[in-house]
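Structural characterization, general
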Amino acid sequence: MKTVTHDIPHAWWQQAVVYQIYPRSFMDSNRDGIGDLKGILQKIDYLKELGIDVIWLSPIFQSPNADNGYDISDYQDIMKEFGSMSDFDELLESAHQAGIKILLDLVVNHTSNQHPWFIKSREQDKHFRDYYFWRDGKDGAPPNNWTGVFGGSTWELDQQTGQYYLHLFTPEQPDLNWENPAVRKEIQEMVRFWLEKGVDGFRMDVINCISKTPGLPDGRVDASGQVDSFSLCTNGPRVHEYLQELYQTVLSQYDVMTVGETPAVSISDAVLYAGFDRQELNMIFQFEHMELDHGSFGKWSEKRFDLVDLKRCMEKWQTGLYGTAWNSLYWNNHDQPRAVSRFGNDQEYRTISAKMLAICLHMLQGTPYIYQGEELGMTNARFSSIDDYRDIETLNAYRDLTESGKVSSEQMLRYIHKAGRDNARTPMQWNADRYAGFSTVEPWISPNENYKTINAQYQLADKDSVFYCYQKLIQLRKQHHIIVYGSFHLIGEDHPQVFCYQRCYEDDKLWVVCNFCDETVEYSIPPVDLTQGELLIRNYNGMPTITSQSGQNTLIRLLPYEAFAILCTA
Ligand code: GLC
Ligand code: CA
C-alpha cells in the first residue's frame, strides 16, 4: 500500500538545512575580541564545505547589548562592533554566490530602551506614547503581578511620568504595543527594507508574545508563590491576525522562509502558526523537548532528561504536524546548553554520541537547524567562577537564587554549568591557537579550554570527525526524499535506552536506530532483513551487528551510543 504524501507542498525551505550563527562568538576579523560580519565572510568556504543551505544570523542590528543584540535600538543599521551596512551587503552577496541564503533575526516583541521610538514614547510624544504599554501603578505597586523571563516584575517605573512600562525581558527591553496600527506599519516597512536588500527570510524572536491578554490581568499564583504570567503573554487573541497581516502586506510578495520562536505552544497552536494553509509562518520552534530536564527552579536544575519522555515528545510533534504543518528540528541554539553535554556523553563518548545525536535528529521529518560548533561536537564550558559568565539571564538568576538563600552559590554554579546560555556562546573553536583561532586578543567571553583538542582544523583533517558526519547527513537529505517527506513511526516507545523509528515514503522504509546509553544493548525490532537494505550512515565502521533474525523479530547488538540509518526499498 502506498503511503499518501501528496498533501505536503514541496518548498525549498523544507529541503534545506539551516546553520545558526551567533555573530558575537563566531569569528573576530579585526582583533577586538568580538565576532563580526567580516569574520563570517571569511568562513563562507567552511560553511560551503559543510553543505548547509541557509544561515540564520542572530541579531546584527544596532544595540546597546543589554541582551547581546536582542535589544535593538536601530533596526536598519548594523551594530558598530559587527561592522557596517556595506559589510553586510558584501556578506549577503558572497553567501548568495556560494548558494547560501541568509535569514535575519526579527526581534519585534520589544525594542531597546535606547530605540528612538521608546525615547520619544517616554517623553510622552503624542504619536509615540502608545507604541509601548504605559500603565498607572496600583497603590504604589506595579499595574499587575507579572514576573519577567529574566526575574523580577515585568514593570518598570518611570520617575518622570509616574507611569510604569511593560517589559517581559530586561527593563532595557520594553515591549512594543502591537495593538497600535502605527507600530505594525513601522515593522512592515522595516521588514520590506531587508527583503528589498535580498535577505531570504526571518527567524522571529518570541513572536507568539506580540498579543497580550486584553486588560493585562493578574496571573494565577500557585502554591509555591510562582506567578503564571507567561500564559497571559503568549498566543494572545490577536496574534494570528497580526501575523497574517504581516504576511499579506509584505512577506507574501517575496520567496522567503520564516520560522517563529514560540515558547509554550501546543500542537494545535502550532498548526495555527505554521499550517500549510494559514499564511502566517513556515514553521515554528517549539520547546517541549528543551523542558524535559527542568526542575523546581525551571531550567536551573541538575536533572537529566528521560529518553522515554523525549521519544514521546518527538513522536507527538512528528505525527501531530504531519501533512498539516512543518516541523523545525533542533537540539541546541544560543539559549540552550550544548547538545552533546545534555543529551549525549561529552567525555568518553563525545565523538560517537555527538554523531548519534546528529543522526537521530537529521533523519526526522522537518527542517534541521545546526548551531555553530554543534558540527564539531562542542561541549558545555563549566567556568569555575561566576565572574567568567556574561549572560544577563545567568547573572540575574545567580543573584536572585543565591541572595534569597534558595540555592547555595556552589549549587548554582553546577546549575549554570549544565543549563546556562553561555555554554553556547563561548567562541567558535577554529584551531588550537591561543583563543581557539577566534581572535588574537582576549575574547569578550573565554573560550572553552578544550579547544586544543576540539576544533575545526583537526576535524577537517579527519574523515571520521563529527564534522563529516554532519556533512554526510546534509548530503543524504538532498539525495533521499524519504528523509524530507516520509511519515514517522516510533518503534518500541517504552524502551529506556534506544530511540528507534521508521520513516515511510511510497513503498520505501527507512530504519533509524539510536542507542542513547554508554552500554552495549541487545535490541529487538519487528522482523526485517536489514542486511538487504542500504546502510546510509552509521557512527561506527561497517554494518551493524544483527545477532539473530526470525519470523518474530530481528535482534541487533548496539554498541555504546551507536546509531545507524538503513534504507529498505521495496
Ligand atoms: C529569545 C532569544 C533570547 C532573548 C529573548 C529576548 O528567547 O532567543 O536570546 O534573550 O528572546 O529577546
Ligand atoms: Ca571584531
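Our structure is the block above this text.
The structure displayed is predicted, hence computed values, not measured ones. (Residues numbered from 1 in each chain as written. Chains lettered and ligands numbered in written order. Predicted model: local features only at pLDDT ≥ 70, side-chain atom pairs only at ≥ 80, totals over all residues. Heavy atoms only, no water.)

So, on to the site of ligand 1. Around ligand 1, 14 residues are found, and the nearest of them are D67, H110, D205, E261 and D335. Interatomic distance of 3.0 Å between a side-chain N/O atom of R203 and an oxygen atom of ligand 1. Between R421 and ligand 1, the recorded distance is 3.0 Å, taken from a side-chain N or O atom to an oxygen atom. Protein burial of ligand 1: of its 310 Å² of free accessible surface, 95% is covered by the chains. (Near = heavy atom within 4 Å. Polar contact = N/O pair within 3.5 Å; in protein donor to acceptor, adjacent residues only side chain to side chain. Areas by Shrake-Rupley, 256 points an atom, 1.4 Å probe, with all protein chains shown as cover.)

Either a parallel or an antiparallel arrangement is found when strands of a sheet pair, and the pairing is made through backbone hydrogen bonds. Ordered in space as β16-β17-β18-β23-β20, the five strands form an open sheet in which the pairing is antiparallel. A single partner strand is all that each edge strand has here, and the edge strands are β16 (487-491) and β20 (534-538). The sheet shows a mean angle of 20° between the axes of neighbouring strands, direction not considered. (Pairing = 2+ DSSP bridges. Helix = DSSP H or I, 4+ residues; strand = E, 2+ residues; numbered from the N terminus. Axes fitted to C-alpha atoms, helices over the stretch in contact; angles between N-to-C directions.)

What describes a pair of aromatic rings is the distance from one ring centre to the other and the angle between the planes of the rings. Applying the stated criterion across every chain yields a total of 32 aromatic pairs. Where W13 meets W326, the ring centres are 6.3 Å apart and the plane angle is 85°; that geometry is what we call edge-to-face. Residue W13 is found in the segment before β1 (18-21), and its partner W326 is found in the loop between α10 (307-320) and β14 (328-329); the two are separated by 313 residues along the sequence. Residue classification places W13 among the buried residues on the basis of a relative accessible area of 10%. An angle of 80° between the planes, with centres 5.1 Å apart, marks the rings of F26 and W430 as edge-to-face. In this pair, F26 sits in the loop between β1 and α1 (37-42) while W430 sits in the loop between α15 (422-425) and α16 (456-460), placing the two residues 404 residues apart along the sequence. Look at F26 and you get buried, because its relative accessible area is 0%. Note on W430: relative accessible area 4%, which makes it buried. (Phe/Tyr/Trp six-rings, centres within 6.5 Å; stacked < 30°, edge-to-face > 60°. Buried < 20%, exposed > 50% of the residue type's maximum accessible area, 1.4 Å probe, protein only.)

Spatial strand order, β6-β8-β7: three strands in an open sheet with antiparallel pairing. Edge positions in the sheet fall to β6 (134-135) and β7 (155-157), since each of these pairs with one other strand and no more. Sheet analysis places β6 next to strand β8 (residues 164-166), joined by two bridges and oriented antiparallel. Counted as the bridge partner of W134 is Y165 from β8.

Next up on the list: the coordination of the calcium ion (ligand 2). Taken together, the protein ligands of the calcium ion (ligand 2) are D28 (OD), N30 (OD1), D32 (OD), I34 (O) and D36 (OD), with distances of 2.2 to 2.3 Å. Spacing between the donor residues of the calcium ion (ligand 2) along the chain follows D-x1-N-x1-D-x1-I-x1-D. Among the residues examined, D28 registers a relative accessible area of 5% and is labelled buried. Judged by its relative accessible area of 36%, D32 falls in the partly exposed class. (Donors = N, O, S within 2.8 Å, 3.2 Å for Na, K, Ca; no water.)

Turning to the pairing of β16, a few remarks are in order. Burial analysis of β16 places four of its five residues in the buried class, the great majority of the element. Bridge analysis of β16 against strand β17 (residues 498-505) gives five bridges, and the strand direction is antiparallel. Among the inter-strand pairings, L490 is bridged to a residue of β17, identified as Y501. Remark: six residues form the turn of the hairpin made by β16 and β17, two consecutive strands paired antiparallel; G492 in that turn has positive phi of roughly 60°.

Fair warning: the whole summary comes from geometry, so function is off the table for now.
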